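Report on the structure
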Amino acid sequence: MVKKQISLLLRLAMRRLATLATPGPLGSFGSCAIRAALAVSVFSLPVVFLATPVLAQDYPSKPVRLLVPNAPGSSIDTLARILSVRLAESLGQNMVVENQAGAGGSLGMDIGKAAAPDGYTLILASASSMSSAPLLQKSIRYDPLKDFSFVSLFAVLPNVLVVNPSLPVNSVKDLIAYANTNSNKGKVNFASAGPGAASHLAGVLLTSLGHFESLHVPYKGGSPAVASVIAGETHWYVTPAPNAMSLVKGGRLRAIAHSLPRRSALLPDMPAIAEAVPGYDYSGWAGLIAPRGTPATVIEKVRAALMRSLAQPAVREAMAAQGAEVTTTTPDEFRAFLQKDIANTAKVVQAAGLQPE
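1. Quick notes on the packing of aromatic side chains
Within the structure shown, the criterion is met by seven aromatic pairs. Ring plane angle 65° and centroid distance 5.1 Å describe the contact between Y59 and Y120, whose orientation is recorded as edge-to-face. Note that Y59 is positioned in the loop between α2 (27-58) and β1 (64-68) and Y120 in the loop between α4 (106-114) and β3 (121-126), a separation of 61 residues in sequence. Across from the ring centre of Y120, 4.7 Å away, lies the NZ or CZ of K62, which sits over that ring.

Here it is in structure tokens:
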């Protein structure tokens, strides 16, 4: 179809040039100027008109960069590398994973925002970089809803609520009742990886919706926070499932519920926190986006390749091993999901008394 359009336009251009060869009434200078302008319009307008469709039709014709605003070895980075192998096969081009960690993911997002909107830079978006960072950092220079083109959500990552095994609780209802007992009021605490971390916000949401008090004890990272629960320094902690399940199996922690709003095949024997605390939903997620202005035809090609990749059992199994449940959306559904997630996160940030820094 495109070749036929180009051929037709070239024939029309030749006819126009033949007409221009006839002297005009304005004299040689005016005639030449008009002819030159018309000649430019004949050849340039079709090129501009056809440039985007032709580029989109040929996409991808060179390697694609997958920008990951997280450190190498992080859970999001691991998902990116699982996905990139199959996505490259589906697109028929090499895919280069590039880590740009820093400032809660905002550094990488800034780089992604400034990239050419041609489909050769894709960005792995997550809850931390798109929902939390813009609410907690004054220096953010991107708008998560306006500065990117959306491809699809591809995974949700449930957290698990863990307690010290010596604590006499086996469910969320038990934990709430224990914290609300007169003799325990003001004595129950929860660990986090630091103020504003996902574990902090997840804990605040639980105490808010569950109507119980628990002192927040921040640590410098997830590892010391988990260690504090194991040692009995703190009572409970909400952490990504992969970070805790080996400790749960080893008897060093007790997992009593997960953070998805309903039961999950990833954790078939574990109830959802929402079963005891209606409305609770605080999990991580990952999705694919591109710089704003990326052609819709390119977005659709990438999304189709993503769907083919995620349909492969090997990919789903690898994702599950990382505590990720495969979830897909349309671009519009992804945007709506993010808009809702930002609104919900803003409420929790306010409840936690946090201000942008």
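And the narrative resumes.
2. With respect to the sheet that holds strand β4 (residues 148-157)
Judged by pairing direction, the sheet is mixed, and its six strands sit side by side in the order β2-β1-β3-β10-β4-β11 without closing on themselves. Of all the strands in the sheet, just β2 (95-99) and β11 (325-326) have a single pairing partner and so form its edges. The pairing of β4 with β11 spans two bridges and is antiparallel. Pairing of V156 across the sheet is with E325, part of β11.

3. Remarks on unusual backbone geometry
In this structure, the amide linkage connecting Y59 to the following residue, P60, adopts the cis form with an omega of -10°. Note on placement: P60 falls in the loop between α2 and β1. A positive phi is found at H211, a non-glycine position, where the angle reads about 55°. Mapping H211 onto the fold places it in the loop between α7 (198-210) and β7 (215-218).

4. Re the side chain of S126
Tracing the backbone shows S126 in strand β3. In this view, S126 contacts N70, I76, S131 and W285; residues no more than four positions away in its chain are not counted.

5. Digging into helix α8 (residues 222-231)
Listed as buried for α8 are A225, V226, S228 and V229. Buried residues of α8, viewed axially, fall in a sector of 155°; they line one side. Opposite the buried face of α8, by more than 90 degrees, sit the exposed residues S223 and A231. Packing partners of the buried residues in α8 comprise β5 (159-163), β6 (189-192), β8 (236-240) and α9 (241-249). At the C-terminal side of α8, G232 shows a positive phi close to 85°.

Basis of the calculations
- Residues numbered from 1 in each chain as written.
- Predicted model: local features only at pLDDT ≥ 70, side-chain atom pairs only at ≥ 80, totals over all residues.
- Heavy atoms only, no water.
- Phe/Tyr/Trp six-rings, centres within 6.5 Å; stacked < 30°, edge-to-face > 60°.
- Helix = DSSP H or I, 4+ residues; strand = E, 2+ residues; numbered from the N terminus.
- Lys NZ or Arg CZ within 6 Å of the ring centre and 35° of its normal.
- Pairing = 2+ DSSP bridges.
- Contact = heavy atoms within 4.5 Å.
- Buried < 20%, exposed > 50% of the residue type's maximum accessible area, 1.4 Å probe, protein only.
- Arc of directions from axis to C-beta.

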